Amino acid sequence: MPKLKTNTGSKKRFTLTGSGKIKRKHAYHSHILTKKTKKQKRNLDHFAMIDKVDVKRVKALLVK
């Protein structure tokens, strides 16, 4: 059986935590920041966890 390759786009976007959850960054924090409030930009700066319905799909992309 051939080995599956890790999706290179996914490995740049997601990181696995020690407990097995998947971290992601928020969207909308890279450009056109002048019209966004300080509060909005600050809240977009934090990491978020992948929603549980997407975990199986993202883990398949992150096959090692």
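Position numbers for residues start from 1 in each chain and track the written sequence from start to end. Local features are withheld for residues below a pLDDT of 70 in this predicted model, meaning they are given only at 70 or higher, and side-chain atom pairs are given and counted only at 80 or more; totals for whole chains, interfaces and linings count all residues. The side-chain quantities take in all heavy atoms of the structure and omit both hydrogens and water.

### Details of the pairing of strand E2 (residues 22-25)
Move 1: Across two bridges, the pairing between strand E1 (residues 15-16) and E2 is antiparallel. Along E2, the bridge assignment pairs Leu 16 with Ile 22.
Move 2: Here a strand pair is declared whenever DSSP counts at least two bridges between the two strands. Helix and strand assignments follow DSSP, with helices taken as H or I runs no shorter than four residues and strands as E runs no shorter than two, numbered in order from the N terminus. In this structure, E2 lies alongside strand E3 (residues 47-49), joined through three bridges in antiparallel fashion. Of the residues in E3, the one forming a bridge with Lys 23 is Met 49.

### Comments concerning the sheet that holds E1
Move 1: Judged by pairing direction, the sheet is antiparallel, and its three strands sit side by side in the order E1-E2-E3 without closing on themselves. The sheet terminates laterally at E1 and E3, the two strands that pair on one side only.

### So, the nonpolar core
Move 1: Remark: nonpolar core denotes a set of buried residues (Ala, Val, Leu, Ile, Met, Phe, Trp, Tyr, Cys) joined through side-chain atoms within 4.5 Å. Under the scheme applied here, a residue whose accessible area is under 20% of the maximum for its type counts as buried, over 50% as exposed, and between as partly exposed, the area being computed with a 1.4 Å probe on protein chains only. Listed in full, the five residues of the largest apolar core are Phe 14, Ile 22, Ile 50, Val 58 and Leu 62.
Move 2: We call two residues in contact when some of their heavy atoms are within 4.5 Å. When sequence neighbours within four positions are dropped, the list of residues in contact with Leu 62 reads Thr 6, Ser 10, Lys 11 and Phe 14.

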